[in-house]
Amino acid sequence: MSREERSELIVKSLSKMVGHHNAIPQILKLLNMSHPADIARTLDITTEDDRWFLWGLITNDKLKAETLVECDPETAHPMLERMKDIAVLRMAQQLEPDDAAHLTQLLSENRREKIDLLLQKKDPKRRLVFEAGEETAARLMTDKYLSVEQEKTVQDALKLLRSKDNPVENVSYIYITD
C-alpha cells in the first residue's frame, strides 16, 4: 500500500469513528500510528464537535503542535484561539523555530506577540526567526544541523546521518568543521 493510499485510509477511518465514543480504543490506536498530516486532514473535514473530541484524545504536545501546523488555517486558527496561552506555548516549544513561528502566525496579533515574547525569553536563539518577515529566508533557519570534523570519512558522516541520536529532522547539508 502506498503512503497516499495509507493516508487516505487513515483519514476515512478516523472520520467514520470520531463520532462514536465507544470507538475510543480504536481511535487511539489509529492516532498512534498516524502522521500529523493525516490527523490534520481529518480535523479539517470533521465537524467542530468531532474536531474537539478527536483533539482531546491527543495527549502528546509535540503531536498536537505538528498536527496544527499541518491543518488548514481555517481549522487551526479557531482551535488556537480557544486554547490557553500556556497550552499554545507548550506546543510551540516542541516545534522547530520556523514551524513555531508559523503556528504563532495563526494567532490574533496580541496573542501572537505575547507567545512570541515568551518563546524568545525561554530560547533566545529563536529571536531572529520570530523577528523575520513571514516570507523571508530567516523563517527557514534552524539551530539544528549536522557537522563532522574534516578528518572523518564519508562513511562516518553517513553513520551520523543514520544515527538515532541525529537531532535534525530534514538534512540538506552536513558541515565539515576543522
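Report follows, based on the coordinates. (Residues numbered from 1 in each chain as written. Predicted model: local features only at pLDDT ≥ 70, side-chain atom pairs only at ≥ 80, totals over all residues. Heavy atoms only, no water.)

By the element assignment, threonine 104 lies in helix 8 (residues 97–105). A polar atom in the side chain of threonine 104 sits 3.1 Å from the backbone oxygen of alanine 101. (Helix = DSSP H or I, 4+ residues; strand = E, 2+ residues; numbered from the N terminus. Polar contact = N/O pair within 3.5 Å; in protein donor to acceptor, adjacent residues only side chain to side chain.)

Attention shifts here to helix 9 (residues 109–122). Every α-helix winds through 3.6 residues per turn, so residues three or four apart in the chain are directed the same way. In this model helix 9 runs 20 Å from its N-terminal to its C-terminal C-alpha over 14 residues, within 8% of the 20 Å that 1.5 Å per residue would give. Within helix 9, burial applies to Arg111, Arg112, Ile115, Asp116, Leu119 and Gln120. All buried residues of helix 9 lie within an arc of 160° about the axis, which places them on one face of the element. Facing away from the buried surface of helix 9 by more than 90 degrees, the exposed residues are Asn110, Leu117 and Lys121. (Expected span 1.5 Å × (residues − 1). Buried < 20%, exposed > 50% of the residue type's maximum accessible area, 1.4 Å probe, protein only. Arc of directions from axis to C-beta.)

Now for the packing of helix 3 (residues 36–45) against helix 5 (residues 61–70). Where helix 3 contacts helix 5, the axes come no closer than 8 Å and their chain directions differ by 60°. It follows that helix 3 is oblique to helix 5 by the angle criterion. In this structure, helix 3 crosses over helix 5, and the sense of that crossing is right-handed. Contacts between helix 3 and helix 5 pair Pro36, Ala37, Ile39, Ala40 and Leu43 from the former with Leu63, Glu66, Thr67 and Glu70 from the latter. Broken down by class, the residue content of the contact of helix 3 with helix 5 amounts to six nonpolar, one polar and two charged. (Axes fitted to C-alpha atoms, helices over the stretch in contact; angles between N-to-C directions. Parallel < 35°, antiparallel > 145°, perpendicular 65-115°, else oblique. Left-handed = near helix turned anticlockwise from the far one by under 90°. Contact = heavy atoms within 4.5 Å. Nonpolar A, V, L, I, M, F, W, Y, C, P; charged D, E, K, R; others polar.)

Let us now look at the side chain of serine 34. Counting through the fold element by element, serine 34 comes out in the loop between helix 2 (24–32) and helix 3. By relative accessible area, serine 34 is classed as buried at 10%. Polar contacts involving the side chain of serine 34 include one to the main-chain carbonyl oxygen of leucine 30, which spans 2.5 Å. The residues contacting serine 34, other than those within four sequence positions of it, are Ile10, Leu14 and Ile39.

Bringing the nonpolar core into the picture now. In terms of nonpolar packing, the biggest core is built from 37 residues, with Ile27, Leu68, Leu80 and Met83 touching the most fellow members. With five residues, helix 7 (residues 85–93) is the single largest residue contributor to this core. Leave out the neighbours within four places in its chain, and leucine 68 touches Trp55, Ala76, Met79, Leu80, Met83, Met91 and Leu103. (Core = buried A, V, L, I, M, F, W, Y, C linked by side-chain atoms within 4.5 Å.)

Scanning the model with the defined rule gives six salt bridges in all. A salt bridge links arginine 82 to glutamate 48; its shortest N-O distance comes to 3.1 Å. Separated by 34 residues along the polypeptide, arginine 82 in helix 6 (residues 73–82) and glutamate 48 in helix 4 (residues 48–57) bring together distant segments of the chain. What makes glutamate 48 partly exposed here is its relative accessible area of 44%. A salt bridge links glutamate 66 to lysine 62, with the shortest nitrogen-to-oxygen separation between them at 3.8 Å. Here glutamate 66 pairs with lysine 62, and both are found in helix 5, just four residues apart, close to one helical turn. (Salt bridge = Lys/Arg side-chain N within 4 Å of Asp/Glu carboxyl O.)

On the surface, Tyr145, Tyr173 and Tyr175 cluster together into a nonpolar patch covering about 410 Å² of accessible area. Along the polypeptide, tyrosine 175 turns up in strand 2 (residues 174–177). Classification of tyrosine 175 by relative accessible area gives partly exposed; the value is 45%. (Patch = residues over 30% accessible without salt bridge, like charges linked within 9 Å, V, L, I, M, F, W, Y side chains within 5 Å. Areas by Shrake-Rupley, 256 points an atom, 1.4 Å probe, with all protein chains shown as cover.)

Taken residue by residue, helix 6 has Thr75, Ala76, Met79 and Leu80 as its buried positions. Each buried residue of helix 6 sits inside an arc of 115° when the element is viewed along its axis, so together they form one side. Opposite the buried face of helix 6, by more than 90 degrees, sit the exposed residues Glu74 and Arg82. Among the structural elements, helix 3, helix 4, helix 5, helix 7, helix 8 and helix 9 are those in contact with the buried residues of helix 6.

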